[in-house]
Amino acid sequence: MTSETAELTRPAPEESLKIVPARHPWTWAAALVVAVLVAMAGHALVTNKAWDWPTFASYVFQKSVLSAVLLTLELTFFGVLAGFLLGTVLALMRISRNPLLRAVSWTYTWVFRSVPLILQLLFWYNLAILYNKLSFGVPFGPSFVSFDTMSLVPPFFAAGLGLALHQAAYAGEIVRAGFLAVDTGQREAAAALGIPAGRQFRRIVLPQAMRSIVPTAANEILSMVKGTSMVYVMALPELFYQVQVIYTRNGRVIPLLLVATAWYLALTTVLSVAQYYVERYYSRGTQR
């Protein structure tokens, strides 16, 4: 064997070294500590009799609780649907070239984000004190039709209206941020190609805007599920109010609070799963 052949067959210095993975002992130590804490928390939940799990099991699927869960879903659906429809209008007004539309949208957002939700609900609940009748007719002139406010705005509608108007202030900013995230160059290119404005919005602007809108909008929807508990001030039998009524009668505060907690967790978990699939749908073509 010549010296040149021996030189070619000799392993490189890095190939002759044994590769040893980096050790991370503190990571494993931290994981062990976390595992012990989780086990301790689980043991405390199971063994502590103060949680009163039998009472929890007897009330979690009670008819009145299920009715309260249904009412919570109805309020959430009403508030989210009406809130995002109005929020989209506010977003379009905010990015409009008309200064009056921009000023009205900004003022609405400022007011409804500044006033706490519970105060807004109380104002709508007591609307009949401010205006006992609503009339429709010529502006600043005679009215043709009038309605009694007490019958026109029942507690459920007042609660849904308060939730929707509050939600619209946040939804408008979410939608506006999604529209602004789309590169204006793409819209200019689509216009140069002669694509109609409606198709530009449906096929170019909206799919890209939804990638920014969906994650934040999902957070707002989850907050709305929990925000419906504020309507207890209207004595509407939603989930939180109903468990309060029950534990006021029987004195089982902790297990009834656990019932409400379990249902809120279940509802938000289902919505989180839906959020995952919606995000994946609008992320097509961007994830590899």
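Residues numbered from 1 in each chain as written. Predicted model: local features only at pLDDT ≥ 70, side-chain atom pairs only at ≥ 80, totals over all residues. Heavy atoms only, no water.

Trainee: Before we move on, can you summarise unusual backbone geometry with the specific residues and values?
Mentor: With phi around 55°, Asp52 is a residue other than glycine that occupies positive phi space. Assignment of secondary structure puts Asp52 in the loop between helix H2 (25-47) and helix H3 (53-59). Assessed through its relative accessible area of 15%, Asp52 is described here as buried. Residue Ala235 is not a glycine yet carries a positive backbone phi of 60°. Mapped onto the fold, Ala235 is located in the loop between helix H11 (197-227) and helix H12 (239-250). (Helix = DSSP H or I, 4+ residues; strand = E, 2+ residues; numbered from the N terminus. Buried < 20%, exposed > 50% of the residue type's maximum accessible area, 1.4 Å probe, protein only.)

Trainee: Before we move on, could you go through the environment of Gln275 and cite the residues and values that matter?
Mentor: In this structure, Gln275 sits in helix H13 (residues 253-282). In sequence terms Gln275 and Asn219 are 56 residues apart; their C-alpha atoms lie 9.3 Å from each other. Apart from residues lying up to four places away in sequence, Gln275 is in contact with Pro215 and Ala218. (Contact = heavy atoms within 4.5 Å.)

Trainee: Describe in detail the side chain of His166, supporting the description with residues and values.
Mentor: Looking at the secondary structure, you find His166 in helix H9 (residues 155-180). A polar atom in the side chain of His166 sits 3.2 Å from the side chain of Gln120. The residues contacting His166, other than those within four sequence positions of it, are Phe112, Val115, Leu117 and Gln120. (Polar contact = N/O pair within 3.5 Å; in protein donor to acceptor, adjacent residues only side chain to side chain.)

Trainee: Which residues make up the pattern of salt bridges, and what values go with them?
Mentor: Tallied over the entire structure, the rule returns 3 salt bridges. Here Asp52 ties to Arg252 by a salt bridge, and the two come within 3.3 Å at their closest N and O atoms. Taken as a pair, Asp52 in the loop between H2 and H3 and Arg252 in the loop between H12 and H13 lie far apart in primary sequence, 200 residues in all. Here Arg252 falls in the partly exposed class, since its relative accessible area comes to 43%. Glu173 is the partner of Arg176 in a salt bridge, and the nearest nitrogen-oxygen pair spans 2.9 Å. Pair noted here: Arg176 and Glu173 are both in helix H9, with a separation of 3 residues, about one helical turn. Here Arg176 matches Glu173 in class, with each residue buried. Several salt bridges converge on common partners, so that one network encompasses Arg94, Glu173 and Arg176. (Salt bridge = Lys/Arg side-chain N within 4 Å of Asp/Glu carboxyl O.)

Trainee: Which residues make up the nonpolar core, and what values do they have?
Mentor: The biggest cluster of nonpolar side chains holds 25 residues, and the ones touching the most others in it are Leu163, Ile213 and Val231. Within the residue set of this core, elements represented by two or more residues are helix H4 (63-94), helix H6 (117-125), H9 and H11. Setting aside anything within four residues of it in sequence, one finds Leu163 in contact with Leu75, Gly79, Leu117, Leu121, Met224, Gly227, Thr228 and Val231. Grouped together as the second largest cluster of nonpolar side chains are 17 residues, Val65, Val225, Leu256 and Tyr264 included. (Core = buried A, V, L, I, M, F, W, Y, C linked by side-chain atoms within 4.5 Å.)

Trainee: Quick rundown of the environment of Ala181? Include the residues and the values.
Mentor: Following the sequence through the fold, Ala181 ends up in the loop between H9 and helix H10 (184-192). Ala181 gets classed as partly exposed once you look at its relative accessible area, which sits at 49%. Distance from Ala181 to Ala209, taken between C-alpha atoms, is 6.5 Å for residues 28 residues apart in sequence.

Trainee: Account for the packing of aromatic side chains, with residues named and values stated.
Mentor: Evaluated as defined, the whole model comprises 7 aromatic pairs. With 5.9 Å between their ring centres and 90° between their planes, Phe61 and Trp263 make a pair best called edge-to-face. One end of the pair, Phe61, is in the loop between H3 and H4; the other, Trp263, is in helix H13, and 202 residues separate them in sequence. Ring geometry for Tyr108 against Phe112: centres 4.3 Å apart, planes inclined by 25°, an arrangement best described as stacked. In this pair, Tyr108 and Phe112 both sit in helix H5 (residues 99-114), 4 residues apart, roughly one turn of the helix. (Phe/Tyr/Trp six-rings, centres within 6.5 Å; stacked < 30°, edge-to-face > 60°.)

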